[in-house]
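Each chain, written out:
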Amino acid sequence: MANDKEPIYVTKTFLPPRHEFDAYVDKIWQSHQLTNNGTLSREFEANTAHYLGLQKEQFTFVTNGTLALQLALRALDIHEGEVITTPFTYVATTSAILWERCTPVFVDIDPKTLNIDPQKIEDAITPRTKAIMPVHVFGNPCDVEAIQAIANKHKLKVIYDAAHAFGVTYKGKSLLENGDISTCSFHATKLFHTIEGGAVITNDASVSKKIDLMRRFGHYGDTHYILGINAKASEFQAAMGLSNLKYIDSCIEQRQKISLLYDEVIGDRFQRPSVRGDTGRNYAYYPIIFETENKLKGVLKELEKDGIFPRRYFYPSLNTLPYIESRTSCYISEDIAKRIACLPIYTGLREEVVKRIAVVLNKYS
Ligand code: T4K
């Protein structure tokens, strides 16, 4: 790698103009309130819910996307039994289920969308099944209608891990309105971030109240109601979120441009996940599927020499994790996880870099 070149990673965190963040930090200096649901956190919740087309009460800001998943399970009283989920996602989806002492039951993915295949869900349901936890992987909506129909038939809860789906709309509404609960991640590597952070979204006012209590140790003042934990976000996280929210539309626009440029320079030489119709996309990731794992490794090696580092999102398929007790095969996920990578996509990525990447890729198509 040439020393004068800045490395290009799969993403580069967007940072707002420094003075805009500083203006919020000044408010923290004035109030001395650093955490515990301060003014900035409440403003962040109201503004972000509004941006997403949700009611303020539907949206609860928490420390990170992992705790959001754990709180979701807890709030729906799922503390044992089986949770049907996808093996093709970041490890946090599975680890949250295991951490809450439930058993993840992996159902294979649809090879076209890379999301859990609803047609295979019913076969995995047993008397111990409590919930379905699908992921809108790479921000691509799951088959929410089919999943809800199965959940209704078998009286199961649905928790969507929507860590990648901030700003995505489906049929003109926020995708986050689906299921009993949806959770988001606002980690620094995400399209929209609060440094670390996450959110729990629900249409059920009683669940929303429970999440609010749970994230603050289960008490208001001196009155203790339920078992809780510390999942509160800080005022600094809220300050970053408030600053970034003003730029989210332009971030999505810029990513869309990069995505279209990749489409143009790579053409249809690589398989790409197909996106459901009626989706307002957020362009959070640009995944491509190689013909073989060897071709993928060849490309990664060659790009690395040029200081470019795509990521093997998501590898390995989570049903193969060493700490999973019951081994189930998910052939499609295991196969795709070996052959997929996400290309760099972020605000400020130069056109020239996209073209350099395409030159290497096209040698391996
Ligand atoms: N569910 C799903 C489906 C998820 O994808 C995630 C998280 C979660 C749940 C859990 O949400 P959180 O609890 O994290 O809120 C990253 C993130 O750490 C993780 O949040 C994310 N998914 C996952 C997909 O990606 P790594 O191991 O790839 O991160 P890292 O540090 O290698 O970063 C990747 C690149 O990003 C770096 O090469 C450079 C760039 N970067 C990274 C950081 C940390 C920046 O530009 N600035 C930064 O501050 O996991």
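Each value, and the rule that gives it
Residues numbered from 1 in each chain as written. Predicted model: local features only at pLDDT ≥ 70, side-chain atom pairs only at ≥ 80, totals over all residues. Heavy atoms only, no water. Phe/Tyr/Trp six-rings, centres within 6.5 Å; stacked < 30°, edge-to-face > 60°. Helix = DSSP H or I, 4+ residues; strand = E, 2+ residues; numbered from the N terminus. Buried < 20%, exposed > 50% of the residue type's maximum accessible area, 1.4 Å probe, protein only. Lys NZ or Arg CZ within 6 Å of the ring centre and 35° of its normal. Domains from an automatic or database assignment. Contact = heavy atoms within 4.5 Å. Buried area = accessible area lost by both parts, 1.4 Å probe. Salt bridge = Lys/Arg side-chain N within 4 Å of Asp/Glu carboxyl O. Polar contact = N/O pair within 3.5 Å; in protein donor to acceptor, adjacent residues only side chain to side chain. Nonpolar A, V, L, I, M, F, W, Y, C, P; charged D, E, K, R; others polar. Near = heavy atom within 4 Å. Areas by Shrake-Rupley, 256 points an atom, 1.4 Å probe, with all protein chains shown as cover. Pairing = 2+ DSSP bridges. Axes fitted to C-alpha atoms, helices over the stretch in contact; angles between N-to-C directions. Disulfide = S-S within 2.5 Å.

A. Quick look at the packing of aromatic side chains. Overall, the coordinates contain 23 aromatic pairs when judged by the stated rule. Arranged with centres 5.6 Å apart and planes meeting at 40 degrees, the rings of Phe 14 and Tyr 247 form a pair that is tilted. Separated by 233 residues along the polypeptide, Phe 14 in the loop between β1 (8–9) and α1 (18–31) and Tyr 247 in the loop between α8 (235–245) and α9 (248–266) bring together distant segments of the chain. Among the residues examined, Phe 14 registers a relative accessible area of 19% and is labelled buried. For the ring pair Phe 44 and Phe 186, a centre distance of 6.0 Å and an interplane angle of 80 degrees mean the geometry is edge-to-face. Taken together, the residues Phe 44 in helix α2 (residues 39–52) and Phe 186 in the loop between β9 (181–185) and β10 (198–201) connect sequence positions 142 residues apart. Neither residue differs from the other here; Phe 44 and Phe 186 are each classed as buried. These aromatic residues form a ring-pair network of at least three members: Phe 44, Tyr 51, Phe 59, Phe 61, Phe 166, Phe 186 and Phe 192. If you follow Arg 312 out to its NZ or CZ, it ends over the ring of Tyr 315, 4.1 Å from the centre.

B. A look at the domain arrangement of the protein. The assigned domain composition of the protein is domain 1 (18–245) and domain 2 (248–363). A C-alpha centroid distance of 24 Å is found between domain 1 and domain 2. Counting from both sides, the interface comprises 39 residues of domain 1 and, opposite them, 37 residues of domain 2. Summed over both sides, the interface of domain 1 with domain 2 buries roughly 3100 Å², with 64% coming from carbon and sulfur. The largest contributions to the domain 1 side of the interface with domain 2 come from Phe 106, Phe 138 and Leu 191, which together make up 23% of the buried area. Across the domain 1-domain 2 interface, the total number found is two salt bridges. Between Glu 145 and Arg 276 there is a salt bridge; the shortest N-O distance is 3.5 Å. Counting across the interface, domain 1 meets domain 2 through 16 residue pairs in polar contact (both at pLDDT 80 or more). Elements supplying a minimum of two residues to the side of domain 1 that touches domain 2: α4 (91–99), β4 (103–106), β7 (169–170) and α8. Top element by residues in the side of domain 1 that touches domain 2 is α4. It accounts for three residues. Among the residues forming the side of domain 1 that touches domain 2, the class breakdown is 23 nonpolar, nine polar and seven charged.

C. Structural detail: the site of the ligand. Of all residues adjacent to the ligand, which total 25 residues, the nearest are Thr 66, Asp 161, Lys 190, Arg 311 and Tyr 313. For the ligand, an oxygen atom lies 2.8 Å from a polar atom in the backbone of Gly 65. Lys 190 places a polar side-chain atom, nitrogen or oxygen, 2.7 Å from a nitrogen atom of the ligand. Notes on the ligand: free accessible area 920 Å², of which the protein chains cover 76%. Counting residues per element, the ones that place at least two in the shell around the ligand are α3 (65–75) and α4. The class makeup of the residues in the shell around the ligand is nine nonpolar, 12 polar and four charged. Looking at which domains feed residues into the shell around the ligand, each of domain 1 (18–245) and domain 2 (248–363) gives three or more.

D. The arrangement of the sheet that holds β7 in detail. Read across the sheet, three strands follow the order β8-β7-β13 without closing on themselves; strand pairing throughout is antiparallel. Each edge of the open sheet is held by one strand with a lone partner, namely β8 (173–174) and β13 (279–280).

E. How the structure looks around the sheet that holds strand β5 (residues 129–133). Pairing is mixed in the open sheet, where seven strands are placed in the order β2-β10-β9-β6-β5-β3-β4. The open sheet terminates on both sides in strands that have one partner only, identified here as β2 (59–62) and β4. Across the sheet, the axes of successive neighbouring strands diverge by a mean angle of 25 degrees, strand direction being ignored. Bridge count between strand β3 (residues 82–85) and β4: four bridges; the pairing is parallel. By the bridge assignment, Thr 85 is partnered in β4 with Phe 106. Seen against the sheet, α3 touches β2, β3, β5, β6 (157–161), β9 and β10 and runs at an angle of roughly 165 degrees to β9. Together, β3, β4, β5 and β6 form the strand contacts of α4, whose direction differs from that of β4 by roughly 140 degrees.

F. Geometry of the environment of Asp 263. Of note, Asp 263 is situated in helix α9. Relative accessible area serves as the criterion here: at 32%, Asp 263 is assigned to the partly exposed category. C-alpha separation for the pair Asp 263 and Ala 358, spaced 95 residues apart in sequence, amounts to 9.8 Å. Setting aside its immediate chain neighbours within four residues, Asp 263 contacts Arg 272 and Tyr 286. Of note is the side chain of Asp 263, whose polar atom sits 2.6 Å from the side chain of Tyr 286.

G. Layout of the state of the cysteines. According to the stated counting rule, one finds zero disulfides in the structure shown. Left unpaired, Cys 184 is separated from the closest cysteine sulfur, that of Cys 142, by 13 Å. The structure places no disulfide on Cys 330, whose sulfur is separated from the nearest cysteine sulfur, that of Cys 142, by 15 Å. Taking the relative accessible area as the measure of exposure, Cys 330 reaches 1% and is therefore buried.

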